[in-house]
Amino acid sequence: MGVPLKSCYDAVIIGAGISGLTCGCFLAKEGMSVLLMDQHHRPGGCCTSFSRNGYTFDAAAHSFGSYREGGNMRLVLEALDMAGKIEIRRFTPSDIILSPDYQITFWSGKDKTVQELQQFFPDEADNILRFIGRLTDSKPLDFVALRSMTYKDLLDLYFTDDKLKAILSIAVFGNGALPPSLISAFTGAKIFTEFILDGGYYPDGSMQALPDALAERFEELGGELQLSCLVKKIRTDANSVRGVVLEKGVSIRAKYVVASCDARQTIFKLLGRKVVNSEVLHEIDDLIPSLSTFILYLGIDRPFKSLPKPGTNIWFLPYYDLDKGYEAAKKGRLESIGYMVRLSPDCRTILGFVNAPFRSRLYWEKRKAAHMESFIARIEEQIIPGLSEHIVHKEAATPQTLYRYTLNYRGAAYGWATFPGQLFTPVLRQAAHIKGLHLTGHWTAQTQGIPGVAYLGLNTAKLIMHREKIVN
Amino acid sequence: MAESVENEIISIIADVSGYDEDEIRIDSHLVNDLEMDSIKAIEIAVAIEKKFKISIRDEDIPQITMPEQIITLVETALTQKKEPR
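Residues numbered from 1 in each chain as written. Chains lettered and ligands numbered in written order. Predicted model: local features only at pLDDT ≥ 70, side-chain atom pairs only at ≥ 80, totals over all residues.

Draft legend 1. Quick look at the overall build of chain B. The number of helices and strands found in chain B is 3 helices and 0 strands. The order of helices and strands in chain B, counted from the N terminus, is α-α-α. The C-alpha radius of gyration computed for chain B amounts to 12 Å, which stays within 12% of the reference 12 Å derived for 85 residues, consistent with globular compactness. Each principal axis of the C-alpha distribution contributes one length, and for chain B these read about 40 × 25 × 20 Å. When each of the 85 residues of chain B is scored for burial, the buried share is 34%. Of the contacts made within chain B by residues no fewer than 6 positions apart, 58% connect residues no fewer than 24 positions apart. (Helix = DSSP H or I, 4+ residues; strand = E, 2+ residues; numbered from the N terminus. Rg over C-alpha atoms; globule rule 2.2 N^0.38 Å. Buried ≥ 20, exposed ≤ 12 C-beta atoms within 10 Å, placed from the backbone. Contact = placed C-beta atoms within 7 Å.)

Draft legend 2. A look at the nonpolar core. All names here are of chain A. Counting residues in each nonpolar core, the largest one holds 173 residues, and the members touching the most others are Ala11, Val12 and Val257. Among the elements that make up this core, the one with the highest residue count is helix α17 (residues 449-467) (9 residues). If we ignore the near neighbours within four places in the chain, the residues touching Val12 are Leu35, Met37, Gly243, Val244, Ile252, Ala254 and Val257. (Core = buried A, V, L, I, M, F, W, Y, C linked by C-beta atoms within 7 Å.)

Draft legend 3. Representation of the environment of Leu141 of chain A in the model. As for its position among the elements, Leu141 of chain A is in the loop between α4 (125-137) and α5 (151-158). By the C-beta count within 10 Å, which is 20 here, Leu141 of chain A ends up buried. If sequence neighbours within four positions are ignored, Leu141 of chain A has contacts with Ser38, Ala41 and Pro62 of chain B.

Draft legend 4. Inspection of the packing of helix α2 (residues 72-79) of chain A against α17 of chain A at higher detail. All names here are of chain A. Running from amino to carboxyl end, α2 crosses α17 at an angle of 50°, the nearest separation of the two axes being 9 Å. When the interaxial angle is binned, α2 and α17 end up oblique. In this structure, the crossing between α2 and α17 has a hand that is left-handed. Residues Asn72, Met73 and Val76 of α2 form the contact with α17, whose participating residues are Ile450, Pro451, Ala454, Tyr455 and Leu458. (Axes fitted to C-alpha atoms, helices over the stretch in contact; angles between N-to-C directions. Parallel < 35°, antiparallel > 145°, perpendicular 65-115°, else oblique. Left-handed = near helix turned anticlockwise from the far one by under 90°.)

Draft legend 5. Structural detail: the interface of chain B and chain A. The interface of chain B with chain A comprises 17 residues on the first partner and 19 residues on the second. The set of elements that each furnish at least two residues to the side of chain B that touches chain A consists of α1 (2-17) and α2 (38-52) of chain B. For the side of chain B that touches chain A, the leading source of residues is α2 of chain B, giving 7 residues. Here the residues of the side of chain B that touches chain A are counted per class, giving 9 nonpolar, 2 polar and 6 charged. (Nonpolar A, V, L, I, M, F, W, Y, C, P; charged D, E, K, R; others polar.)

Structural data, given as structure tokens:
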């Protein structure tokens, strides 16, 4: 168990995922004393990597977006002077969609992607141009006008071809765990522009290089990182935060507490029902989490001919009805829904992802091996012929595994489900109106992925700096 | 009523933006002065709708640049609510 060096800090941050790390770096950069803790033995949250038998696997997050000039991820990393600490390369194409009728590539340039889509859907050529133009040319605040719509509503404004709509939705479904008829247009549009049209970035080494570099920078800036350090309680008094309590009753005082972890856990367990007002409790009690994910990790003996390009996400769409896919995912019928597979940039490992429901440990123990084998068989049949001859290491993560490593409610892969009617509430980030307490990360707003949570981390740091009258 | 609407709206903007109420003027620029982004703009709209029990048209939100415009919009909505056509 990590033990903090001091008993009092300006700010303590719970959770060393990308949002907590980013927030910590910006606060430490302004001279605040910051303690950042994580229950896991390595930083990163959903953005970690692990090693087995000489193979390095990205545990969940496997690439990121928004790294173009002016993109949020680039702005955050540049503001933290990370240039010498991490090398980031873009793998192109970032995404390829395989459907019963088409193989469609999302290229790194917008124009080339538009041309590709127009070639397959000539009747929708002008609509494709208008749709992608709207998403890429809009100012950030223009997206606000999408807040009540679903992504399907948005697609319906532009297109009549249901196959095209599904092709423009599969990666949104994969990255948001909701079909277009349920996911908010705001989130769908953001996933499409930030993950797909500006996706495919990868740090040299593995995804772990990103949190490691942020952790190194955080410590250089004077921050203190404690891993394997579980926070048991957030202490409050007279509606103000006072600090946290760790295992074995270790008490740490702090003026600010940033919860960069599961929001339900923060409200119900770390704060407790007595501390949070009942209106907020009800509001959070009613929120529905996103689905979880079943992840396949394969180590291969050598590169072989049928492998896809390294660093490209291949999306397999077995049919065009994504509502049907969502219902199957909720019921755990993983073998009948679309999935994503990718060869790692080092060409040594293959990752497979499929949306999956949270179920008991026993449920997954019974089914894990069978799901793993059927997933491998599908990939071999549909994307990578001869795959099974080259596998030298295989394992899988179930929603229970995600829960165990991140303590995210119901193993949710993307925080709360991003329905239009859910989440656009200031209640989460305003931390139940307890002075000095802030929540950040993918449980607090309709923004997702590494750039989304990094942006929220920066934003939370700015709120605190503002309270401290630090002007920068 | 006008003054309390203004106070309530400034209080909501303060909560979401992190700026103190006395730093927010009715002619502050939401983006340039108060660092408004799309998420905060929606959070403010949702909080206002909840507080005043009105609905704000989605397409109106991106046109808003100052708290003054929000106040006008809310006051208009409240007046319409009182005098149903």
